[in-house]
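Secondary and tertiary structure notes
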Amino acid sequence: MSRQKLLADKFKTWGKQQVTLPPNSEAKKAAVLGVFRSRTVVSVKKPRPFWPLLFSITGTFIVILFVTQFVLPAIQPATNTSSYPAEYDLSNEERVDLNNQLRSASGLGENLRQASLGDNNNKLSKILQPITNSIEEISHSFKQQNNSSIEDTREFLKTDYGINIKTRQVERIHTRLQTIIKGHGGRIDYLSVNPKYGSISFVIPKSSLSQFSTEIQDLFHPKFLTERISAQNLLPEKRVIEIDTEVQKQSLTDLEAKRQNQIEQHNSQVEYIQNEMKKYSNSIYALKNETTTSTERQSEIKAQLAYFNNKYYSLKQLLEKENTSFDNSLQETETQIQAKKHQLSELNEQDTELLNNVETVEGTISLQWISILDAINLYVPIYWILILSCVGVIVFYLLWGRRRMFDQI
Amino acid sequence: MLLEEELGLVAQAKAGEQAAIGLLWDDITPKLYGYLVKTLKDRQLADDVLQDTWLKAINALESFRPKGVRFSAWLFVIARNECRQHWRKNGREVSIDEDNETQSAVHSPIELTNKITLDTVLAQLPIDDHEILCLRYISELSFNEIAHVLEISAISARVRTHRALKRANLILNK
């Protein structure tokens, strides 16, 4: 090993001895430098044309800006302020209408009508129809009253959330937003995406709305977002349900009282008839057991027996008629009571649905692809772009182009 | 010359500084010429190849990208390619005029003896060993730079240098 190191040291010394300049080194160096100089001079003689570049850059900027800012917007209909295709976007008015339709479709009158029409029992529906109509009238009158009432200060705020996002990665962001919605315990109701546009309709718990909104805002620059949060007090709907419930409860109480009254009347009637029948029965029994030899008395007894038997059978028929009549009227009352209970149950469900509805937020997210020019335009207004472009090109020319020309001479 | 200094000069040369080329010439040419003389064994031919190497380097200067390798290593790659090109055209003809000038540069008898001994040893070594020892001890290239010139890995360059020295040692001890 030491021998090899010694040899390496010898080679180092030897290597240094070999290092030498060639003969006529300066002449060769001058020749190489001459070539280097001539190469530079040749490149000066044929300088890269700069003015065409300057004009083409400026011209391209102006043409692109003109086309994107003036020509393309002019081609689109002036009334269509939204840049989304119709199938991906709803205007605010359309959203409000849609929500109202959905709420009214789930309203009390509609439910009762559906219950009465959908029921196979025609009898029940016939009985329910006038009640339904009366309830709708009452509801309508109360709605009108509630709309102007300021005494009730309760709030049942139903929140709607909407956000428009401009991004250059629509599909990736679309997937990420789905994950965020699910992460907040939300439910996705509608999805659509293509490379240019995306849309998500979802429902999330009201308690998560603030965090959800913050998380989305953290993902994007504020210039690329348009967020809207609207809330509507569902107090009128709540009042209608409450009043309808009161009305139904009162009706139920009345019907139950009516049924009790019917039972009591029936019982007293039956008792009276049975007492009368018993009297006649006793008289018949007494007459039949009476022994007499008088033909006059015997004919008298015979006539009385016929009279009492006739009375007895009349009372018996009356009792049967009373029982039948009672059964029918009691059944009718029972049916009405069942219908009332059913309506109260539905009202209770509606009340629960309304409270659940208040505790959720319905939201829509619209994604729109944005071009680089549009993105720049968000930061800098068009006139500034033009001015800055021109200044940039001139500064570029003065600092780089002119210096380059001088350096090359 | 340090890597940074050398790269600074190259940057200046790219910007058109003639003086930078002059400084690079002064620093690299002695080693490059020594390497070419030892490789080609012909001073006249080494002169020509030296000039061709520099001219090609100047013409291709814009395409030079450092990537951790010195400009001198890049020049040695060009020089080696020039040598190979010459050998492809003319074959490996050995001239005997290589040492005339060098001997006059040697001062002491010990150095002269040492030189003659090592020249004799080098002449008996395989071409690859000869080349790697020239690159290592005349050109003073690092193993990374030798690897770059010979298009092998740095570890291979180290191992091959070690083996070349071992073989030289064996020849020396015969």
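The coordinates are above.
The paragraphs below set out a description of the structure included in this document. In this text the structure is predicted, and so the values were computed from the model without any measurement. (Residues numbered from 1 in each chain as written. Chains lettered and ligands numbered in written order. Predicted model: local features only at pLDDT ≥ 70, side-chain atom pairs only at ≥ 80, totals over all residues.)

Let's talk about the overall build of chain A
The following threshold applies: Elements are defined by DSSP. Helices are runs of H or I of four residues or more, strands are runs of E of two residues or more, and each kind is numbered from the N terminus. Between the buried cut of 20 or more and the exposed cut of 12 or fewer other C-beta atoms within 10 Å of a residue's own C-beta lies the partly exposed class, and all C-beta atoms are placed from the backbone. Distance between backbone-placed C-beta atoms decides contact: two residues are in contact if it is within 7 Å.
Across its full length, chain A carries 12 helices and five strands. Going through the 409 residues of chain A one by one, you find that 13% of them count as buried. Put simply, of all contacts in chain A between residues at least 6 apart along the chain, 80% involve residues at least 24 apart.

What to know about the pairing of strand E3 (residues 197–205) of chain A
Residue and element names in this part refer to chain A. For the record, the criterion: Two strands form a pair only when DSSP identifies at least two bridges running between them.
Inspection of the sheet shows strand E2 (residues 187–193) paired to E3 by six bridges, in the antiparallel sense. By the bridge assignment for E3, Tyr190 is matched with Ser201. The antiparallel pairing of E2 with E3 creates a hairpin that spans three residues between the two strands. The pairing of E3 with strand E5 (residues 360–369) spans nine bridges and is antiparallel. Each residue of the ladder has a partner; that of Ile204, found in E5, is Val361.

Quick word on helix H1 (residues 3–14) of chain B
Residue and element names in this part refer to chain B. What counts, and what does not: By this rule, a helix spans an expected 1.5 Å times one less than how many residues it contains.
Spanning 12 residues, H1 covers 16 Å between terminal C-alpha atoms, matching the ideal 16 Å at 1.5 Å per step. Tucked into the core, H1 has its buried residues touching helix H2 (18–40) and helix H4 (71–90). At the exit of H1 stands Gly16, carrying a positive phi of roughly 105 degrees.

Comments concerning the interface of chain B and chain A
The following threshold applies: Residue classes follow a fixed rule: Ala, Val, Leu, Ile, Met, Phe, Trp, Tyr, Cys and Pro count as nonpolar, while Asp, Glu, Lys and Arg count as charged, and any other residue, Gly among them, counts as polar.
At the junction of the two partners, chain B supplies 33 residues and chain A supplies 28 residues. Those elements that place two or more of their residues in the side of chain B that touches chain A are H2, helix H3 (43–59), helix H5 (100–105), helix H6 (109–124), helix H7 (127–137) and helix H9 (154–172) of chain B. Within the side of chain B that touches chain A, the residues separate by chemical class into 17 nonpolar, nine polar and seven charged.

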